[in-house]
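For reference, the chains in residue letters:
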Amino acid sequence: GLKIIFIDQINDEKIEWQFENGLVDYLMDELEEREIIPHPAFVATGEAERASAEFAICWNAEGGEQIQESYVNLIPTAQGGTHVNGLRSGVTDALREFCELRNLLPRNMKLTADDVWDGVNYILSLKFQEPQFSGQTKERLSSREASNIGLNIAKDAIALWLNQHAEIATQLAEM
């Protein structure tokens, strides 16, 4: 619900941003009119002992530039880190289990993270007590436990969603 108003006095312009539904609105705004699956993007939140996370995720239906942003305590982590690794693993595990349960993959074929992550758009926000970053500019989270937190929150939420939306999940598996 936060409203930001930017007034450019040099060019006499006024730009307003407000994303009432949080990350999903922000991601959808970034993706503009692109064809994505699912539409609107899937959004989930979860909590762990010392952390909470929220993410919005979707896939480009026909290629195109990807939007991939991550934050820890509202600090942008341009190079990702352990929280992004956890999200990636959780989404991959959930989609892999969905495919195996429904026999969607040819025999002896296994989904990899690269398969699942191809064309993915996401925004991940982690709120975490005492985060550890790599480098002076905090561009990468290095806290080990953030990986498991991200994995558990993402896997549970995505697995539930995939099973509730089997038709869309099958489209994702086919991609």
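Provided above is the structure to which this section pertains.
Each value, and the rule that gives it
Residues numbered from 1 in each chain as written. Predicted model: local features only at pLDDT ≥ 70, side-chain atom pairs only at ≥ 80, totals over all residues. Heavy atoms only, no water. Helix = DSSP H or I, 4+ residues; strand = E, 2+ residues; numbered from the N terminus. Rg over C-alpha atoms; globule rule 2.2 N^0.38 Å. Buried < 20%, exposed > 50% of the residue type's maximum accessible area, 1.4 Å probe, protein only. Contact = heavy atoms within 4.5 Å. Areas by Shrake-Rupley, 256 points an atom, 1.4 Å probe, with all protein chains shown as cover. Lys, Arg positive; Asp, Glu negative; His and termini not counted. Charge placed at Lys NZ, Arg CZ, Asp CG, Glu CD. Salt bridge = Lys/Arg side-chain N within 4 Å of Asp/Glu carboxyl O. Axes fitted to C-alpha atoms, helices over the stretch in contact; angles between N-to-C directions. Left-handed = near helix turned anticlockwise from the far one by under 90°. Nonpolar A, V, L, I, M, F, W, Y, C, P; charged D, E, K, R; others polar. Patch = residues over 30% accessible without salt bridge, like charges linked within 9 Å, V, L, I, M, F, W, Y side chains within 5 Å. Pairing = 2+ DSSP bridges. Parallel < 35°, antiparallel > 145°, perpendicular 65-115°, else oblique.

## Remarks on the overall build of the protein chain
- Along its length, the protein chain carries five helices and nine strands.
- Secondary structure elements of the protein chain occur, N-terminal to C-terminal, as β-β-α-β-β-β-β-α-α-β-β-β-α-α.
- For the protein chain, whose C-alpha radius of gyration is 17 Å, the value lies close to the compact-globule estimate of 16 Å for 175 residues.
- In terms of overall dimensions, the protein chain has C-alpha extents of about 60 × 40 × 25 Å along its principal axes.
- With 175 residues in all, the protein chain has 41% of them scored as buried.
- Partitioning the contacts of the protein chain with sequence separation of at least 6, the portion at a separation of at least 24 is 67%.
- If you sum the accessible surface of the protein chain, you get close to 10,600 Å²; carbon and sulfur atoms cover 44% of it.
- Of note, the protein chain has its 14 positive side-chain charges centred 9 Å away from the centre of its 29 negative side-chain charges.

## Things to note about the pattern of salt bridges
- If you walk through the whole model with that rule in mind, you get six salt bridges.
- Between Asp114 and Arg88 there is a salt bridge whose closest N-O contact spans 2.6 Å. Of this pair, Asp114 sits in helix H3 (residues 113-117) while Arg88 sits in helix H2 (residues 82-101), and the two are 26 residues apart along the sequence.
- Judged by its relative accessible area of 55%, Asp114 falls in the exposed class.
- Beyond isolated ion pairs, a larger network of salt bridges with shared partners links Lys3, Lys14 and Glu16.

## Notes on the packing of H2 against helix H4 (residues 145-164)
- Between H2 and H4, the least distance of the axes is 7 Å, while the angle of their chain directions is 35 degrees. Helix-helix and strand crossings are classified by hand; for H2 and H4 the assignment is right-handed.
- Its residues assigned to classes, the contact of H2 with H4 shows 12 nonpolar, nine polar and three charged.

## Focus on a nonpolar patch on the surface
- Nonpolar side chains collect at one region of the surface, where Leu2, Ile4, Phe6, Ile15 and Trp17 lie side by side and expose about 480 Å² of accessible area between them.
- Contributing elements (two or more residues each) for the nonpolar patch: strand S1 (3-8) and strand S2 (13-18).
- Inspection of the secondary structure puts Phe6 in strand S1.

## A few points about the pairing of strand S3 (residues 36-47)
- Inspection of the sheet shows S3 paired to strand S4 (residues 51-60) by eight bridges, in the antiparallel sense. In the sheet register, Gly46 faces S4, and the bridge partner there is Ala53.
- The hairpin formed by S3 and S4 contains three residues between the paired strands.

## Section: the packing of H2 against helix H5 (residues 166-174)
- Axis separation between H2 and H5 bottoms out at 11 Å; the angle between their running directions is 100 degrees. In terms of orientation, H2 and H5 fall into the roughly perpendicular class. Contacts between H2 and H5 involve Leu95, Phe98 and Cys99 from the former and Ala166, Ala169, Thr170 and Ala173 from the latter.
- Of the residues in the contact of H2 with H5, the class split is six nonpolar, one polar and no charged.

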